[in-house]
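Structural features, examined
The chain contents come next:
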Protein chains: 2
Amino acid sequence: MEVTTLEHSMDEPTRLMPTLEDCSITRQILDRVGDKWSVLIIVNLGAEALRFKELQRRSGGISQRMLTQTLRHLERDGIVWRKVTPTVPLTVEYGLTSLGESLLNPLTSLVEWVNRNNTEIAKARIGYDRQHETQE
Amino acid sequence: MEVTTLEHSMDEPTRLMPTLEDCSITRQILDRVGDKWSVLIIVNLGAEALRFKELQRRSGGISQRMLTQTLRHLERDGIVWRKVTPTVPLTVEYGLTSLGESLLNPLTSLVEWVNRNNTEIAKARIGYDRQHETQE
DNA sequence: CGGTATCCGCGTGGATACTG
DNA sequence: CAGTATCCACGCGGATACCG
């Protein structure tokens, strides 16, 4: 990976800036992370492997269709595994692969950033909205 | 770096992640990060403050409308600042606030994760697709 | 230069019904 | 239980035209 040394006058030391604009694959993965349910599913599976119905219950109001779709995408990307036990009725379990586990870390730091800064963001929004409510 | 095998016993009730499903604000920020252009804009502004046109040129094929919209959202959230200099013609500069700078870190780790694992993901996709191409 | 306004196609995702 | 199939509303985002 090429390292771009940036002369930051901020308190930040040198940071390597990964080029992302040229990798279409990066865009694709980011889209996956950014879609409506992926993060929630990954986090829920991060604690333990779960069956379909249980996963659905823990994921708030996700519909059956969206849960299936999201799981298929994540399975295709090698982030979750799927194990079918042919009992009657069927038992299907989902969990994170090692790749998925490794994704949990950057994802966690992102979620933690949000949790750390959500009040500041909320304040910023209020300030912005007040300043721009000249006329409605 | 190999994945630290975090083996969660099934009876382990404690969560290793902050709960995100109950915070609607978290969902909102994640949506922002996940939308088509935000990450690209933030990373581009991470290097240096930029004027509108220059930012547009560095952001590949983003349209004027989407760039404006994305910047307004990020400004509202307190992630980027906007400075207007009333020259003729107008000079408008955008940059990251300290909040935005702090977001750069988790974002970078996420992008780096993608860069580290994109080949593995690509392989996983090929394998999945081959296994599921029963008929086309 | 740095936007806003308008139109519109297309994909995302919800609701519902049905299957193995 | 764990899906698939179908229909459809909504909003994202592109293209284009115009403004201060």
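Residues numbered from 1 in each chain as written. Chains lettered and ligands numbered in written order. Predicted model: local features only at pLDDT ≥ 70, side-chain atom pairs only at ≥ 80, totals over all residues. Heavy atoms only, no water.

1. Structural notes on the nonpolar core
- Ile 41 and Leu 45 of chain A together with Ile 41 and Leu 45 of chain B are the most contacted members of the largest nonpolar core, which totals 62 residues.
- Residues contacting Leu 45 of chain B, with those up to four places away along its chain left out, are Leu 50, Leu 55, Leu 71, Val 80, Tyr 94, Gly 95 and Leu 96 of chain B. (Core = buried A, V, L, I, M, F, W, Y, C linked by side-chain atoms within 4.5 Å. Buried < 20%, exposed > 50% of the residue type's maximum accessible area, 1.4 Å probe, protein only. Contact = heavy atoms within 4.5 Å.)

2. Some details on the protein's contact with DNA strand C
- Around DNA strand C, the surrounding shell holds 17 residues, and the nearest of these are Lys 36 of chain A together with Gln 64, Thr 68, Arg 82 and Tyr 94 of chain B.
- Near the protein, within 4 Å, the atoms of DNA strand C are sugar or phosphate in 55% of cases.
- Take Lys 36 of chain A: an N or O atom from its side chain is 2.8 Å from a phosphate oxygen of DNA strand C.
- In the environment of DNA strand C, a phosphate oxygen lies 3.0 Å from a nitrogen or oxygen atom belonging to the side chain of Arg 72 of chain B.
- Of all the secondary-structure elements, those providing two or more residues to the surface near DNA strand C are helix H4 (64–76) of chain A together with helix H3 (52–58), helix H4 (64–76) and strand S3 (91–96) of chain B. (Near = heavy atom within 4 Å. Polar contact = N/O pair within 3.5 Å; in protein donor to acceptor, adjacent residues only side chain to side chain. Helix = DSSP H or I, 4+ residues; strand = E, 2+ residues; numbered from the N terminus.)

3. A word on the sheet that holds strand S3 (residues 91–96) of chain A
All names here are of chain A.
- If you walk across this open sheet you meet the 3 strands as S1-S3-S2, and the pairing is antiparallel. Taken across any chain shown, the strands that pair with only one partner, and hence form the sheet edges, are strand S1 (50–51) and strand S2 (80–85).
- Judged from the 2 bridges that link them, S1 and S3 form a sheet pairing that is antiparallel. Paired with Arg 51 across the two strands is Glu 93, which belongs to S3.
- Here H4 sits on the sheet and contacts S2 and S3; the angle it forms with S2, its principal contact strand, is near 115 degrees. (Pairing = 2+ DSSP bridges. Axes fitted to C-alpha atoms, helices over the stretch in contact; angles between N-to-C directions.)

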